[in-house]
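Observations on the model geometry
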There are 2 protein chains.
Amino acid sequence: MPFPAKTDPESILNAALEMLERDGPEALSMRNLATALEMKAPSLYRHYPDKAALETALKMRGSEMLQAALEKASLNQEPIEVMRKAANASLKFARAHPYLYDLMNAPGGAPSTGAAKKLWNTILEIVGNVTGKPDDTAASVAFWAYLHGFCSLERTGQFGKSGPKGGFEIGLEALIIGFSSHQKQRKLKP
Amino acid sequence: MPFPAKTDPESILNAALEMLERDGPEALSMRNLATALEMKAPSLYRHYPDKAALETALKMRGSEMLQAALEKASLNQEPIEVMRKAANASLKFARAHPYLYDLMNAPGGAPSTGAAKKLWNTILEIVGNVTGKPDDTAASVAFWAYLHGFCSLERTGQFGKSGPKGGFEIGLEALIIGFSSHQKQRKLKP
DNA sequence: TTTCAAAACGAACGGTGTTTGTTTTGAATG
DNA sequence: CATTCAAAACAAACACCGTTCGTTTTGAAA
């Protein structure tokens, strides 16, 4: 059967994503994945140098999905409402794709891929439109940290037993107020 | 040699913590750990039912350390300054114990241990003194999410290539401003 | 028709967490 | 003092993991 390849990197990636989202990270082994593709584990190494490369590809895919969700949520809204919509879209994404979100934020190796940069630029734009300063790295960092922190803590169940009761909106509005007052300071200075 | 135990759960835990902090999570295998204690892997199972239990103990230890750091940073300060000091202590902890911090926030199983509850109560108290409302779950969730998110993103290098330039203080102050205005609303109501 | 490079594979290596059954031990008991 | 006995450490093995090597199979190109 070999020569006209029985599979390709994209098919493998799709199968890996489906397996990860359905059965979790422990089920995503090279043997399991190969079996799902009706082949044997060593064959996968013709398309990805190792498992880490496959996981990197999964992270990129996740970044693309999240970036698309943020961009979609940002359409035709005033800046502050865009920030709210984007925040909720982010939370929704993390809840809908928990294992993928875990992988995206896993400690091991965070590459500055094109997808990650594009995601970061989207955040910069959303936040910049609120603070009034384009490329507002500091505020964007804060916004992004808050979103990721909430998603991460919610998923690992680290909030009190009562759960994150209303905490998401409170913090988001606090950031918005803080950013807006920060904007006023900038405006008043010159 | 057996009977008067050659080791005990606490010694194992100490060795595991040292090994984790020095050589990272991949080095923390049962065989490695046993070798460091001059024994063989199966012996460890007399003291911990499995590796997950050992990791849970490590998480608890981490929570204790972080809680102690927050409490120490909170002494003899006015509420808002306590919040700043605690935030910086949290960031310092994550930087000083990256692998332990990773493990504490790892996806797998988050137990509501005594240590975790105590840590959560410390946060509740810090935040409550700023918002003026004790047991302010919502604001505490937001504060905690922001801190963890920043530490997590910094560690995984997900900020832009310029790094989190000044982002930590900006977001922290924004939250404080937001919380304070929230407090004013509460105060004006009755 | 023959060649040949690419893809899939069989087998194996070293590593992991874990289980089972055995051996060693020394404090307690008679 | 001698014996008992439960607890601790261990040797061996199992199933799985990611990965590598060398071989076989293939079908398009020459």
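Residues numbered from 1 in each chain as written. Chains lettered and ligands numbered in written order. Predicted model: local features only at pLDDT ≥ 70, side-chain atom pairs only at ≥ 80, totals over all residues.

1. Side note on the nonpolar core
Among the nonpolar cores identified, the biggest contains 100 residues, and A:A142 and B:A142 are the most heavily contacted of them. The contacts of B:A142, once residues within four sequence positions are left out, are A:G167, A:I170, A:G171, A:A174 and B:L175. (Core = buried A, V, L, I, M, F, W, Y, C linked by C-beta atoms within 7 Å. Buried ≥ 20, exposed ≤ 12 C-beta atoms within 10 Å, placed from the backbone. Contact = placed C-beta atoms within 7 Å.)

2. Describing the confidence of the model for chain A
Confidence in the prediction for chain A averages 91 pLDDT; 93% of positions are at 70 or higher. Within the model, pLDDT remains below 50 along residues 184-190 of chain A, and this stretch shows 2 contacts once partners closer than five positions in the same chain are excluded. (pLDDT = per-residue confidence, 0-100.)

3. Brief notes about the environment of A:S112
In this structure, A:S112 sits in the loop between α6 (98-104) and α7 (114-131). Remark: the alpha-carbon pair of A:S112 and A:M60, spanning 52 residues in sequence, is separated by 9.6 Å. Setting aside anything within four residues of it in sequence, one finds A:S112 in contact with A:K117 and B:K161. (Helix = DSSP H or I, 4+ residues; strand = E, 2+ residues; numbered from the N terminus.)

4. Quick notes on the relation of the copies chain B and chain A
By a simple turn and slide, chain B fits onto chain A: the slide is 0.0 Å along the axis, the RMSD is 0.0 Å, and the turn is 180°. Such a combination of turn and shift is consistent with a two-fold rotation axis. Relative to the rotation axis, the closest C-alpha in chain B is found at B:G149, a distance of 1.7 Å. With an isologous cut-off of 70% or more, the 100% of interface residues of chain B that recur at the interface of chain A puts this contact in the isologous class. (Least-squares fit on C-alpha atoms with pLDDT ≥ 70 in both.)

5. Quick look at the interface of chain B and chain A
Each partner contributes to the interface: chain B provides 42 residues, whereas chain A provides 42 residues. Put simply, the parts of the chain that give the side of chain B that touches chain A at least two residues each are α8 (137-155) and α9 (167-188) of chain B. Here the side of chain B that touches chain A gets 15 residues from one element, more than from any other, and that element is α8(B). Broken down by class, the residue content of the side of chain B that touches chain A amounts to 20 nonpolar, 17 polar and 5 charged. (Nonpolar A, V, L, I, M, F, W, Y, C, P; charged D, E, K, R; others polar.)

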